Structure formats: C-alpha cells, structure tokens
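Listed below are the residues making up each chain.
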Amino acid sequence: MNQLLMDGRALEGIVSSIIRQSTLRVAYSRIDWERMYRIADYHKVANIVYLGILGNSDAVPERWRARFFERYQESLLYGEHYQESIREVLMWLDARGISCTILTSEVMREFYQIPEAADTDPLCLYMDAKSYELVRGYLIDLGYEVDEVYEEAGEHFSRKSGLSVALYYKLPFRTGKYARGMQKLLESACVRESYKYIRAFSAENEFVYRMASSVYRYVTDELTLREVLELQIYHKILRDNIRMDVIQRRLAEFGIEGLAEKLLRIAYMWFADRNDTYYDGIPENTSEYDILEERLITRGMISHETDGQALELAKLIQKETDKEKRAEWFQQWKTRIRKRWENIRKMLRWVFPDYRYMVSIYAVLEKIPVLLPVFWIVRDIRLLGRLLKK
C-alpha cells in the first residue's frame, strides 16, 4: 500500500511540475517505470509524463519510454483533426434533425498552456434512446469501434487516428438527487449558435456538470488525475465569468457542495500556479485533504473516508445498486417461472392434444365429441405401452 501511495504522489508531482512549468524534483532511478506507466495511463496523463522525462530519459528503460511517447504522439495527432472531426459529427446530426446535448465542450484543449499536454477527450453527447441507435449505426459505418460500454447508459466509440465519441442515452448516475439535478441541467441547455438541434450548457452549468460528475466518480473510486486537472484548468479560465454562489446552490441540490469545494481546492493545491491566490493559505483541517488525496491517487485502495457528504452519497449509490440487483434477480426469477410454465404447457398439449388432432386419429369423436377424455386416456395408454416395449 505504501508503494502504491508513493507511486501516486510521484505521478502527481511529475504532472504538477509540467503543468506549472516548475522545477521537477523526482528520483527517477527509484521509480518502477512499468508500474508508473500503468498508473499514468489509467489516470490519462501518460502524455504529460513523457514531457517530464524528456530531460531524464536515460533513467527510463527504452521500452517504457517508447510507451510514454506513443501516448504523447496520440495526443498530438488527435489535436490535429479534433475540431474538424467534431464539426463533421455535429453537422451530420444537425442535418438529420437529431436533437442532442454536448455534455463537455470541446474547447478544453484550447485552455491548456502546453497544447501537447491535452488529453484525447471524447466528444460527449446525450440523446434519447431512439436517436442513440441511429447515431450508433452512423459511427460504426464511419469506422468507429466500441471500446467501452457504460452499463445501461451508453458506449464509448473510437477510431484509429481519429475522434473518440462517448454516446449516452441515460446519464450514468444512480441516485435520485443526481437524476433530478442532471435532468435540470439538461433542460437548461441552449441551442448552440449555427445549429438547430445541437444543444450545449452555459459555462456555469457545464462547470456544475463537471463538478457533480467528478464528485460521483470520486465516491465510486473512478476519478482520474486528468479530471481533477481539467477541473482546475476550466475553473481558472472561466472563474471571472461564472458565479460561484450560483454554482454552490446548484451543487447543494445534489447534496455535494462541501465535497465539491474540497475537490476543487485540492485541484488548485496540485496544479495551480504558485502565484495564484484564489485559495489563499493552508486549509484549517489538512487531514481531510490527506484522506481525499490518498483515496484519489490510489483509486480507493487506501480509503479512510470521513467526509459526511461522501459517505452519504456512497450509501445512496449502494442502496440503488442493491435495488437494481433485487430487480434483476426478480426478473430472472420471473423468466425461470415463465420457462417452466411453457414447458408444462407443452407437456400438457402433448398428453392432451386438441380436439381437431384427436378427430384425425379417432373419427368416432366427430359424432360423439363428449368421448374426448376417454380417447385421451386410450391414446396415452397406447403411447405408454410403446415406450415400455422399447
């Protein structure tokens, strides 16, 4: 566990130094670069780590230096056709009257001071289930492949040397508060300029969406360093144009305003310029941030959670998960009962055939139909006798 924590902190240090463009103080020779690559790739920051090892490449084995370079190169190539590919998809949707909402704007790449540090962010779209099937087929026809399935919510599509797209017909948040809060956000989306059917959030509402999503993923131990970094970048660029009091009220509807504030603060602690005074001074209770940091960089493998909102959200998620499991079990039980009843009905139809079939075997039934039960018995005795002879 200690090694996992040390690796996570080393990764955070490398990424932080590149984003801040500050002096890097990392003992490269002591790092297990295979493990570091896997952790960095999970957190979607391998391309940033490559920038960090450029001046110390001798300390990194050739195999893993090449893997980091691959991620760096992917980011560069992705950026070259990013905007063009997005326009292609959005124009196709708009031309066919397919209404959808862009969940996270594509301008995030432009906010990075170092363009090659940007991620291969997917175009995230929400639409109704009927439109989803149509768009899914379109993407597959264009050569996209499904590389991730969001259980009962959507899929992630990617194309070699091309755009990646995350399609949702249901947002992947389980609790009632999240369902209501996200529905309110979707209803607030406005038609984007130059389009008729493509909607997007305002800057404030997109930040609410990003924060709410990050908090949820923190509680489910899925939050990545990249997402924390982009919270800080997005907020820093737009903080003069968004009203934090409004955002706090919206986050309170999700029941996460306190935890969201902590996540944003730790994002600034990790990645903000030293001269940035948005969060001035040291937090009163630093142990809370130590707990948050340990859980985040170890993907929940080290977790001593004490935040009340995090514990409450985890409880609600577990409650909904258990409810879904019970519903699934009940559905499976109903399916088993239905199959058994179908088998019984088949057996009964074989033992007691209908009148028309019996008339074709015993013509006397056409004149005296009341004898049908008697001839059922006669037929079944004859069949039983044949089976016993065999």
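Up top you'll find the structure we're talking about.
Throughout what follows, the structure given in this document is the object of discussion. (Residues numbered from 1 in each chain as written. Predicted model: local features only at pLDDT ≥ 70, side-chain atom pairs only at ≥ 80, totals over all residues. Heavy atoms only, no water.)

1. As for the overall build of the protein chain
Using the following cut-off: Secondary structure elements are taken from DSSP: a helix is a run of H or I of four residues or more, a strand is a run of E of two residues or more, and numbering for both begins at the N terminus. For the radius of gyration, the atom set is restricted to C-alpha positions; the globular benchmark scales as 2.2 Å times the number of residues to the power 0.38. The cut-offs for exposure are 20% and 50% of the maximum accessible area for each residue type, with area from a 1.4 Å probe on protein chains only; residues under the lower value are buried, those over the upper are exposed, and the others partly exposed. The criterion used for residue contact is that any of the two residues' heavy atoms lie within 4.5 Å. Asp and Glu are treated as the negative residues and Lys and Arg as the positive ones, with His and the ends of the chain left uncounted. Where a charge lies is defined by one atom per residue type, namely NZ (Lys), CZ (Arg), CG (Asp) and CD (Glu).
The helix and strand inventory of the protein chain stands at 16 helices and seven strands. What you see for the protein chain is a C-alpha radius of gyration of 30 Å, clearly larger than the 21 Å of a compact globule of 390 residues, by over 25%. Along the longest, intermediate and shortest principal axes, the C-alpha atoms of the protein chain span 105 × 50 × 45 Å. Counting across all 390 residues of the protein chain, residues that qualify as buried make up 45%. Here the analysis covers contacts within the protein chain between residues at least 6 apart in sequence; of these, 68% occur between residues at least 24 apart. Between the mean site of the 59 positive side-chain charges and the mean site of the 59 negative ones, the protein chain shows a separation of 11 Å.

2. As for the pairing of strand 1 (residues 100–104)
Just so we agree on the cut-off: Strand pairing is assigned whenever DSSP detects at least two bridges linking the two strands.
Burial runs high along strand 1: five of the five residues are buried. In terms of strand pairing, strand 1 meets strand 7 (residues 198–200) through three bridges, oriented parallel. Residue pairing for strand 7: Thr101 is matched across the bridge by Arg199. Bridging between strand 1 and strand 2 (residues 123–126) involves three bridges; their strand directions are antiparallel.

3. With respect to the nonpolar core
The following threshold applies: As used in this record, nonpolar core signifies buried Ala, Val, Leu, Ile, Met, Phe, Trp, Tyr and Cys residues forming a set joined through side-chain atoms within 4.5 Å.
Counting 88 residues, the largest nonpolar core has Leu11, Trp33, Val49, Phe68, Tyr178, Met182 and Phe207 as the members making the most contacts within it. Setting aside anything within four residues of it in sequence, one finds Phe68 in contact with Trp33, Met36, Tyr37, Ala40, Ala46, Val49, Tyr50 and Ile53. Grouped together as the second largest cluster of nonpolar side chains are 25 residues, Val135, Leu163, Leu167 and Ala200 included.

4. Things to note about the packing of aromatic side chains
To keep things clear, this is the line we draw: Centre distance within 6.5 Å is the pairing criterion for rings of Phe, Tyr and Trp, where only the six-membered ring of Trp is used; planes under 30 degrees apart are then read as stacked, over 60 as edge-to-face, and the remainder as tilted. Lysine NZ or arginine CZ positioned within 6 Å of the ring centre and within 35 degrees of the ring normal marks a charge as sitting over the ring.
Scanning the entire structure with this criterion turns up 24 aromatic pairs. Between Trp33 and Phe68, the ring centres sit 6.0 Å apart and the planes meet at 90°, which makes this aromatic pair edge-to-face. Residue Trp33 is located in helix 2 (residues 33–42), and its partner Phe68 is located in helix 4 (residues 62–95); the two are separated by 35 residues in the primary sequence. Arranged with centres 5.8 Å apart and planes meeting at 20°, the rings of Phe330 and Trp333 form a pair that is stacked. Here Phe330 and its partner Trp333 are both found in helix 13 (residues 308–351), three residues apart, which amounts to about one turn of the helix. Here the aromatic residues Phe173, Tyr178, Phe201, Tyr209, Tyr216 and Phe254 are joined through ring pairs into a cluster of three or more. Residue placement shows Arg109 over the ring face of Tyr82; its charged tip is 5.5 Å from the ring centre. For the cation-ring pair, Arg295 lies above Tyr218, with the distance from its terminal atom to the ring centre recorded as 4.9 Å.

5. A closer look at the side chain of Asp94
How we decide: Salt bridges, as used here, are contacts in which a Lys or Arg side-chain nitrogen is within 4 Å of a carboxyl oxygen on Asp or Glu.
With respect to the element layout, Asp94 can be found in helix 4. The charged side chain of Asp94 is buried without a salt bridge, its nearest counter-charge being Lys196 at 6.8 Å. Excluding anything up to four places from it in sequence, Asp94 contacts Tyr195, Lys196, Tyr197 and Ile198.

6. With respect to helix 12 (residues 286–297)
Which entries qualify depends on this criterion: By definition here, a helix of n residues has an expected span of 1.5 Å times n minus one.
Compared with the 16 Å implied by 1.5 Å per residue over twelve residues, the 17 Å span of helix 12 between its first and last C-alpha is a close match. Here helix 12 has its buried residues at Tyr289, Ile291, Leu292, Glu293, Glu294, Arg295, Leu296 and Ile297. Packing partners of the buried residues in helix 12 comprise helix 1 (2–20), helix 8 (203–219), helix 9 (225–238) and helix 11 (257–271). At the exit of helix 12 stands Arg299, carrying a positive phi of roughly 55°.

7. Observations regarding the pairing of strand 4 (residues 154–158)
A large share of strand 4 lies buried, amounting to four of its five residues. Judged from the five bridges that link them, strand 3 (residues 145–150) and strand 4 form a sheet pairing that is antiparallel. The partner of Glu148 across the bridge, within strand 4, is His156.

8. What about helix 4?
Every α-helix carries 3.6 residues per turn, so stepping three or four residues along brings you back to the same face. Rules: A residue's bend is given by the angle between axes fitted to the 7 residues ending at it and the 7 residues starting at it.
Along its 34 residues, helix 4 runs 48 Å from first to last C-alpha, staying within 8% of the 50 Å computed at 1.5 Å per residue. The sharpest bend along helix 4 comes to roughly 50°, located at Tyr82.

9. A few points about a positive patch on the surface
Stated formally: Like-charged residues within 9 Å of one another, or nonpolar side chains (Val, Leu, Ile, Met, Phe, Trp, Tyr) within 5 Å, are grouped into patches, provided each residue has over 30% relative accessible area and no salt bridge. Using the Shrake-Rupley algorithm and a 1.4 Å probe, accessible areas are obtained, with residue cover drawn only from the displayed protein chains.
Where like charges cluster on the molecular surface, the positive patch consists of Lys315, Lys319, Lys323 and Arg326. Counting through the fold element by element, Lys323 comes out in helix 13.

10. Remarks on the sheet that holds strand 2
Condition: Under this scheme, a helix contributes an axis fitted over its contacting stretch, all axes are lines through C-alpha atoms, and angles between N-to-C directions fall in the 0 to 180 degree range.
Taken together, the seven strands give an open sheet; going across it, the order is 3-4-5-2-1-7-6, and neighbouring strands pair in mixed fashion. In this open sheet, the two edge strands, each paired with only one partner strand, are strand 3 and strand 6 (190–191). Two elements, strand 6 and strand 7, share two bridges in a ladder whose sense is antiparallel. Opposite Val191, over in strand 7, you have Arg199 as the bridge partner. Each of strand 1, strand 2, strand 5 (164–168) and strand 7 is contacted by helix 4, which is oriented at about 20° to strand 2, the strand it contacts most.

11. Some thoughts on the packing of helix 7 (residues 176–188) against helix 8
Formally: Roughly parallel refers to an angle under 35 degrees, roughly antiparallel to one over 145, roughly perpendicular to one between 65 and 115, and oblique to any angle outside these ranges. Definitions for this section: a left-handed crossing has its near helix turned counterclockwise from the far helix by less than a right angle. A right-handed crossing has that turn clockwise. Think of it as three bins: nonpolar holds Ala, Val, Leu, Ile, Met, Phe, Trp, Tyr, Cys and Pro, charged holds Asp, Glu, Lys and Arg, and polar takes everything else, Gly as well.
Running from N to C, helix 7 and helix 8 point in directions that differ by 155°, and their axes come no closer than 10 Å. Viewed along their axes, helix 7 and helix 8 adopt a mutual orientation that is roughly antiparallel. As helix 7 packs across helix 8, the resulting crossing turns out to be left-handed. Residues Tyr178, Met182, Leu185 and Ser188 of helix 7 pack against Asn205, Val208, Tyr209, Ala212, Val215 and Tyr216 of helix 8. A per-class count over the contact of helix 7 with helix 8 returns eight nonpolar, two polar and no charged.

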